[in-house]
Structure formats: C-alpha cells, structure tokens
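The lines below spell out each chain.
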Amino acid sequence: MKRKNPPSLAKPPLRVIAVANSKGGVGKTTTSLNLAGELASRGYQVLLIDLDPQGNATAALTKEDLPASTGQVLVAGGGLLEAVVPTALGTLWLLGTGPELRAYAKQLPEQREDYRNVLRDVLMKEAGGFDYALLDCPPSLDTETLLALCAADYYLIPSLPERFSLDGVKRLVGLADRVKETMNPTLHFAGVFFTRFNANKPSRLHQDIVAAAKQLFAGQVLSGVRDNQALGTAQRYAVPAQTQAPESVGVLDYRALTDELLHLLDTRPLSTLYSTT
Ligand SMILES: Nc1ncnc2c1ncn2[C@@H]1O[C@H](COP(=O)(O)OP(=O)(O)OP(=O)(O)O)[C@@H](O)[C@H]1O
Ligand SMILES: [Mg+2]
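## Here we look at the environment of K63
In this fold, K63 is placed in the loop between α2 (56-61) and α3 (70-76). Taking the C-beta count within 10 Å as the criterion, K63 has 8 such neighbours and is therefore assigned exposed. A C-alpha to C-alpha distance of 26 Å links K63 and P158, two positions 95 residues apart in sequence.

## Looking at the site of ligand 1
Around ligand 1 there are 20 residues in total, and G24, T29, T30, P139 and G232 lie nearest to it. Mapped by element, the contributors of at least two residues to the shell around ligand 1 are α1 (28-41), β7 (188-197) and α10 (229-236). Residue composition of the shell around ligand 1, grouped by class: four nonpolar, 12 polar and four charged.

## Side note on the pairing of strand β6 (residues 154-159)
Summarising burial for β6: six of the six residues are buried, a large majority. In β6, alternate side chains face the same way, and those of Y154, L156 and P158 on one face and Y155, I157 and S159 on the other are all buried. Bridging between strand β1 (residues 15-19) and β6 involves three bridges; their strand directions are parallel. Within the sheet, the bridge partner assigned to I17 lies in β6 and is Y154. Sheet topology note: the β6/β7 ladder contains six bridges and is parallel. Following the sheet pairing, Y154 is matched in β7 by H188. In this view, the connection linking β6 to its parallel neighbour β7 by way of helix α8 (residues 165-182) has right-handed handedness.

What counts as what
- Residues numbered from 1 in each chain as written.
- Chains lettered and ligands numbered in written order.
- Predicted model: local features only at pLDDT ≥ 70, side-chain atom pairs only at ≥ 80, totals over all residues.
- Helix = DSSP H or I, 4+ residues; strand = E, 2+ residues; numbered from the N terminus.
- Buried ≥ 20, exposed ≤ 12 C-beta atoms within 10 Å, placed from the backbone.
- Near = placed C-beta within 6 Å.
- Nonpolar A, V, L, I, M, F, W, Y, C, P; charged D, E, K, R; others polar.
- Pairing = 2+ DSSP bridges.
- Right-handed = clockwise from strand over helix to strand, strands pointing away.

In structure tokens form, the structure reads like this:
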C-alpha cells in the first residue's frame, strides 16, 4: 500500500475511546474495528491503536510490515505519526502491534515513574490531527488496559449476554472508577452493550442479563449488536465490514451504536483531556 502522510494539523478536540473488558472474546476488537470503520466512512480522521499483544485488530487491518509498533511508541514516548499505517479506508489509520507489546508494557514501570500517562502524553503531543482514537484493549486489566483508561475520555464495554458476564463489567467499572479518582478525572463511562445476540429468539438468559444491566447501569446500556457472520468474515479477510457487507445487520447495528455514541459525546461538556481551550 502506498504510504500517505497521517494527519498532523491541529484540529481539536481529539476524542479518545477505550474499548475494554477483562473477559476474552466479547467483541472488543470487532467493536473497535467497526466503530473506527464507521467513523472513518463518515469522513472523520480516525486512529485505531491496538493495545492487545494478540494483535487481532492489526491483523484485520493490514498485511504490511509495521514501521514501528505500539510498544515501541510507548517505550520511546513518541514517534506515533511515523509508526501509524494507512488502511483500506482512507481516513482510518492504525498503530499496530504483535506479541512483543507484553514485554514492552512490562518494561514501562521500570522505565518511568509516571508510566501510566505515557499513552496520554503521546496522544496529546502527536494525535491532534485526528478526530477520534479508538483503543482496542486486551482481555485483562494489565498495564495496556490501565494506559488506555488513563488516556481515554470515554470507555465502552462490550459484553456477551452470558452468565457471569456482568462480573467482568463490574470489575472494569471498578478499575475505571479508581483511575478516574486518582489519575484521569475526565474519564467517562460511555456505556455497556451486548453483542452476538439472536434478535429473533432472544433467550431468557439474555433478557435477564439486559434487565440486570439496566438496573446496575441505568441509562448507560447502549443498543446491542446482533450475531452476524459478516462481521467475523470481514475481520478474517482483513476488509472493512462497511465496504464488504454494508447492509449486513452487524454493520447496521454498529452504525446505530455509532450514532448513539456521537450523540452522547455531543451532549457532554466539551472540556475533554485533549481540548486546547
Ligand atoms: N456480532 C457478532 N456476530 C458474529 N460474530 C462476532 C460478533 N462479534 C464478534 N464476533 C466474533 O467473535 C469472536 C470474538 O470477537 P472479538 O475478537 O471481537 O472479541 P475480543 O473481545 O476482542 O476478543 P479478545 O478478548 O480475545 O481480544 C471473533 O471471531 C469475532 O469475529
Ligand atoms: Mg480483541
């Protein structure tokens, strides 16, 4: 792919959204990819940062070698714009990674005392030209997720409508509350939503879990995403679902979720971490 220059002009405010859940396989990467793809297809300049050593978002977006990876940028405390690569969607950019991220993340606390702010500092210095940054977190509450919560204006939790799934959601909200109190006072909970459900035959369990979530997180349960093969296929073949299957129910559901998120962001006060005013 021909290299283009990533946006570097100041165009505040950047909005940073972490997609997180300590549980595995709940749709974090699918959500990061599809929200990023949907925002990019609306003309926004979007940066997707792969913070998961599994590198699934990276594999879904590029087959090229990376000039530098997430871990290298974090350890160097810069070099973001040289490290990002373009994707098939013109305004979507990727800071990608492979398994080496875990070792880099382990190094960070030894390297600098304020390591928790390293991602936020890099974004503040270099990401002003983007409209949105999506942070795809690993299935753990390790350093990578902590860095994401310290850098984010918002965090979003995808969850499966399964037994015990709300335990994972509560754990993450607990960590985010502590981050908000001690490190990032402007962190907001964007909401939780359920993925991979069968809209034609919602199970009793699904209905009970959604009801329990609504009780726990009143007003913060967002519209869900149906189970849809097209989302998995697009990811496997490294093509954006928006272009591959634009009318699939998965793409439509992520479009609705994007609308809901943008509305939420619009109705929040503008004083975000990355605002220059
Ligand atoms: N709405 C959906 N319909 C059908 N398949 C889906 C849907 N959402 C996700 N999947 C599939 O479920 C699997 C897990 O999704 P995904 O990789 O997004 O989860 P994750 O939370 O990022 O996982 P991990 O914790 O390992 O990073 C993938 O194979 C993905 O293609
Ligand atoms: Mg993932």
